[in-house]
Amino acid sequence: MSDISPTLSTHQTRTVAGHPVYWRVEGSLLELSALRQVERWRRRAGMSLMTLLRPAAYLAGRTLATRLLYTLLRGVTRDRLDLLGEEYFEYFLKPRLRRKAVEALQHAQSKGQQIVLIGQSLDHVLRPLARHLGVECFVANRMEFRDGVATGRLLLPVVRPRGPFAWIASGDVDGRVREAALLSQLGFEELAQLAAATQPTRRSFAVNAPAVVPFETAPRVDRLSVRRTLAGKHILLIGVTGFIGKVWMVDLLEQIPDIAKITLLIRRNRTTTAQRRFEKIVEESPTLDGLQRQYDTKLGDFLRKRIEVVEGDVSQPGLGLEESVRLRLSRSLDLVVNSAGLTDFNPDLRDAISSNVESAEHLLNFIRASDHAALVHLSTCYVVGMRDGRVAEGLRENYNPGNVKNFDAEREIASLREMIQHIEERSESPELTRALRRQALGRGADDSGVTAGELEGVLRRNRSRWVRNKLVRVGMRRAQYLGWPNTYTFTKSLGESILARRGKDLPIAVVRPSIVESSRQSPFSGWNEGINTSGPLSYLLGTNFRQLPSNAKKCLDVIPVDMVCRGMTLIAAALIERKNARMYQLATSGINPCDMGRSIELTGLAHRKHYRTQQGIEHWLKVKFETIPVSKQRYERLSIPMQKAVVSGINRFAEKLSMKKPPLAKAERDLNRAEKLIELYEPFILHNEHVFECENARLLSAVLPDDERSAFAFEPEAIDWWDYWINIHVPALRRWCYPLMEGRPLESRPPRDLGWGPEPSAAAAVAHSGENR
């Protein structure tokens, strides 16, 4: 059985332990009728010519015929072949397995025989078959790949098809073959060739990660025990209502249950106390499912002992804490972790300054006033701005990617505050008030039909909107002038500069994650929350949109949230031990890169896997067409901008005909939204080829004791992007993020009843409004 399905990403071989039993797939597990179906499938795939040539090639030699068959796969990526192999097995081969043959194989396994499947197909098809049957090893043909793309050549040894009279024995459900006969059938000369061709069923992949080499700038660390260091410690976590903060809190509680206390700083909403916000997390968040299974009815008691909630606001002086609470915490805290921040790319400049800059100032003052607390401050890798190349782990004050001379971060912050004040004062000017009044009254400017109170309310809302829009534009322009793509990275970098300048004598570590996405393992595989960076783009690629302007070779630096949390835990332990570096980047591009071309293809394959299970012509069409990376010029000429121009022209023509509603109004709105989305993400998918080093975190990981590596090791090289993207990340987005984009509710689940009643889970501090997410 040979086909044009996928080849796995490993070229590793291994010898089967003990005495293996070789089991031929063709003719036993699969009937000849299934093989004839394979031939028809080949022709549908554009292999008619090869079908005609194959008999002649077969006469010249079965090995030559096999090699010739697979030359047509040249140019197909390994990722695509992997998915097509699974798809082909699931929808074609699996329904055609011979029940009696499967039972015979399972009977042999029950007697302790170690089965090795033998098939002339590619390993991409035989691997899912072996996995389905519970077989640990198999022998199949393997394609040669260069940079993840098939060359069209088979690796040695080649598993050739059986002889012309093999059909005589095809009805036998017992596929066992003696070694001598098998060597003759395959054309092998010795058992070593058979052993070399044997592959493990478990999917594996190899990343040539560089060795961890400590440089002079990194502190020397010989050993770091996370559990010993964090046991009995008191940690203040800011930002637990966010994606990273929530996962890290749960990770600490699961992996370090003897931690003394985790105090959560949560802001009070208008109608919800900090305590109640935390209780809603515990009652509703799936992140605590593992703790629920671990502690069952005692979960509430465990959280009472380990968690304290205080109300405050990191953007306010003293963190917005009541004086008595602040003094108590300053004496007992060992570590403060700030994962809060405003993550909108282009927010109101006032909000960005408050959340990303002023919070850093207040944290510095709090740490300086404390007895022995250290600070972990989360930033982002993309503070590097619009520049290319390798990004080292260094904390610099007054950094600006535009290399503007005499740039000073503190003067810049003061200038921004003056600009904010000027715009707010201008919004109250008589000239703008008259303009806003005319806007509120509409044509004719007749105020006889509205009351003074109603008019004043409209003026107040319009003035607030004018100030907000003005400050959004001002922040964007200033950020781009200085070399940052947006206000978010601009203000995050200003916050870093404040920490670098004013915190030189303090125990501080700045942590820069890259694009944080769905979890691999913790709190469970496939957890995501909210509308994150890759969610909108991934959603767009699953629609009828087909051309994405991007640099196919540019790395999209995505890192799972639980990998980030592992890095944070290592850094927290190193900081408490005072063996920390000043800067840690938690990223994958320097160790295990996944470029834009591959990311786009993997996203398309993940959507294909989903739509393949759906019914209807719409889903069938989406299976047939996938998004491809294109140049910006082609995108503008053939994709959304061109389509929008055509649709807008039709709508304008309809307006000239005095039609009440343009026929394509909704289509024009959708195209506008898609165009703005792509413009927003262009710095991440088209420009600025960054490679982020992460050696400082890998150095800490390398000195972990063996019994802690499975829980805390920071290993970007362990991420199998094919499995992560197709089986974890995109399904997680489909479950947790896409419904929010479509305005649908998430799946409902009953709240946990912990029996807390009206009593708080721990001491709650004074209420204080503010922002902390």
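Since this is a predicted model, take the numbers as computed values, not measurements.

Engineer: Got a minute to help me understand the side chain of Asn-532 in this structure?
Structural biologist: If you trace the backbone, Asn-532 turns up in the loop between strand S15 (515-517) and helix H20 (534-541). Within the structure, Asn-532 has its side chain in polar contact with the side chain of Glu-517 (distance 2.8 Å). A distance of 2.6 Å separates a polar atom in the side chain of Asn-532 from a polar atom in the side chain of Asn-528.

Engineer: Got a minute to help me understand the packing of helix H16 (residues 409-427) against helix H18 (residues 452-482) in this structure?
Structural biologist: Helix-helix packing: each pair is described by the crossing angle between the helix axes and the interaxial distance. Two elements in contact, H16 and H18, have axes separated by 10 Å at closest approach and are oriented at 150°. The pairing of H16 with H18 is recorded here as roughly antiparallel in orientation. In terms of crossing hand, the pair formed by H16 and H18 is right-handed. The segment H16 lies against H18, with Glu-412, Leu-416, Met-419, Ile-420, Ile-423, Glu-424, Arg-426 and Ser-427 engaging Arg-463, Trp-466, Val-467, Lys-470, Leu-471, Val-474, Arg-478 and Leu-482. Partitioned by chemical class, the residues of the contact of H16 with H18 number nine nonpolar, one polar and six charged.

Engineer: What should I look at first to understand the packing of aromatic side chains in this one?
Structural biologist: The geometry of an aromatic ring pair is captured by two quantities: the separation of the ring centres and the angle between the planes. Taken as a whole and assessed by the stated rule, the structure comprises 18 aromatic pairs. With a centroid separation of 6.4 Å and an interplanar angle of 55°, the aromatic rings of Phe-407 and Trp-484 are classed as tilted. Of this pair, Phe-407 sits in the loop between strand S13 (389-391) and H16 while Trp-484 sits in the loop between H18 and helix H19 (487-502); the two residues are 77 residues apart in sequence, bridging distant segments of the chain. By relative accessible area, which is 11% here, Phe-407 ends up buried. Relative accessible area serves as the criterion here: at 0%, Trp-484 is assigned to the buried category. Taking 5.9 Å as the distance between ring centres and 65° as the angle between the ring planes, the aromatic pair formed by Phe-524 and Trp-527 counts as edge-to-face. The exposure classification of Phe-524 matches that of Trp-527, with both residues buried. Put simply, the rings of Phe-345, Tyr-382, Tyr-488, Tyr-681, Phe-684 and Phe-692 pair up and form one aromatic cluster. When the ring centre of Phe-92 is taken as origin, the NZ or CZ atom of Arg-96, which lies over that ring, is 4.0 Å away. Residue placement shows Arg-734 over the ring face of Tyr-611; its charged tip is 5.6 Å from the ring centre.

Engineer: How do you make sense of the environment of Ser-285 when you look at a structure like this?
Structural biologist: With respect to the element layout, Ser-285 can be found in the loop between helix H11 (274-284) and helix H12 (289-295). Here the alpha-carbon distance between Ser-285 and Glu-529, two residues 244 residues apart in the chain, equals 9.8 Å. Residue contacts for Ser-285: discarding those within four places in its chain leaves Lys-246, Lys-280, Arg-749 and Arg-752. Within the structure, the side chain of Ser-285 is placed 2.7 Å from the side chain of Thr-287, a separation counted as a polar contact.

Engineer: Would you mind showing me how to read a nonpolar patch on the surface here?
Structural biologist: On the surface, a nonpolar cluster with roughly 450 Å² of combined accessible area is contributed by Ile-617, Trp-620, Leu-621 and Phe-625. With respect to the secondary-structure elements, Phe-625 resides in the loop between helix H23 (617-624) and strand S19 (628-630).

Engineer: Even after reading the chapter, I still don't get a positive patch on the surface, so can you show me in this structure?
Structural biologist: Judged by side-chain charge, Arg-460, Arg-461, Arg-465 and Arg-468 come together as a positively charged surface patch. Classification of Arg-465 by relative accessible area gives partly exposed; the value is 39%.

Engineer: I tried to follow the nonpolar core on my own but got confused; where do I start?
Structural biologist: Most often, soluble globular proteins have nonpolar side chains that are buried together. Ranked by size, the top nonpolar core spans 166 residues in total, and within it Leu-264 and Val-336 carry the most contacts. Per-element tally for this core: the top contributor is helix H21 (residues 561-576), with twelve residues. The contact partners of Val-336, leaving out residues within four places of it in the chain, are Leu-236, Ile-238, Leu-363, Phe-366, Ile-367, Ala-373, Ala-374, Leu-375 and Val-376. Judged by nonpolar contacts, the second largest core, of 21 residues, contains Trp-23, Val-25, Leu-93 and Leu-129.

Engineer: Which parts of the structure should I look at to understand the sheet that holds strand S6 (residues 176-177)?
Structural biologist: Backbone-to-backbone hydrogen bonds pair the strands of a sheet. The strands run either parallel or antiparallel. The strand order across the open sheet built from five strands is S6-S1-S2-S3-S7, with neighbouring strands paired in mixed fashion. Looking at which strands have only one partner, the edges of the open sheet turn out to be S6 and strand S7 (198-200). In the sheet, strand S1 (residues 20-24) pairs with S6 via two bridges, with the strands oriented antiparallel. Counted as the bridge partner of Tyr-22 is Val-177 from S6.

Engineer: Sorry if this is basic, but what is going on with unusual backbone geometry here?
Structural biologist: Trans peptide bonds make up the majority, and among non-glycine residues the majority have a negative phi. Of note, the amide linkage connecting Leu-156 to Pro-157 takes the cis form, showing an omega dihedral of -5°. Secondary-structure assignment places Pro-157 in the loop between strand S5 (149-154) and S6. Following Ser-522, the chain continues to Pro-523 via a peptide bond in cis, the omega torsion being 0°. Mapped onto the elements, Pro-523 comes out in the loop between S15 and H20. Unusually for a residue other than glycine, Asn-688 sits at a positive phi of about 55°. Along the chain, Asn-688 falls in the loop between helix H26 (665-685) and strand S20 (690-692). The class for Asn-688 is buried, based on a relative accessible area of 12%.

Engineer: Got a minute to help me understand the confidence of the model for the chain in this structure?
Structural biologist: Any segment with low pLDDT has predicted coordinates that should not be analysed in fine detail. Averaged over the chain, the pLDDT score is 86; the fraction of residues at 70 or greater is 88%. Every residue in residues 1-17 scores below 50 in pLDDT, and together they form 99 contacts with partners more than four places removed in sequence or on other chains. Note that residues 759-773 has pLDDT below 50 and, in this model, 57 contacts with residues that lie over four places away or in other chains.

The rules behind each value
Residues numbered from 1 in each chain as written. Predicted model: local features only at pLDDT ≥ 70, side-chain atom pairs only at ≥ 80, totals over all residues. Heavy atoms only, no water. Helix = DSSP H or I, 4+ residues; strand = E, 2+ residues; numbered from the N terminus. Polar contact = N/O pair within 3.5 Å; in protein donor to acceptor, adjacent residues only side chain to side chain. Axes fitted to C-alpha atoms, helices over the stretch in contact; angles between N-to-C directions. Parallel < 35°, antiparallel > 145°, perpendicular 65-115°, else oblique. Left-handed = near helix turned anticlockwise from the far one by under 90°. Contact = heavy atoms within 4.5 Å. Nonpolar A, V, L, I, M, F, W, Y, C, P; charged D, E, K, R; others polar. Phe/Tyr/Trp six-rings, centres within 6.5 Å; stacked < 30°, edge-to-face > 60°. Buried < 20%, exposed > 50% of the residue type's maximum accessible area, 1.4 Å probe, protein only. Lys NZ or Arg CZ within 6 Å of the ring centre and 35° of its normal. Patch = residues over 30% accessible without salt bridge, like charges linked within 9 Å, V, L, I, M, F, W, Y side chains within 5 Å. Areas by Shrake-Rupley, 256 points an atom, 1.4 Å probe, with all protein chains shown as cover. Salt bridge = Lys/Arg side-chain N within 4 Å of Asp/Glu carboxyl O. Lys, Arg positive; Asp, Glu negative; His and termini not counted. Charge placed at Lys NZ, Arg CZ, Asp CG, Glu CD. Core = buried A, V, L, I, M, F, W, Y, C linked by side-chain atoms within 4.5 Å. Pairing = 2+ DSSP bridges. pLDDT = per-residue confidence, 0-100.

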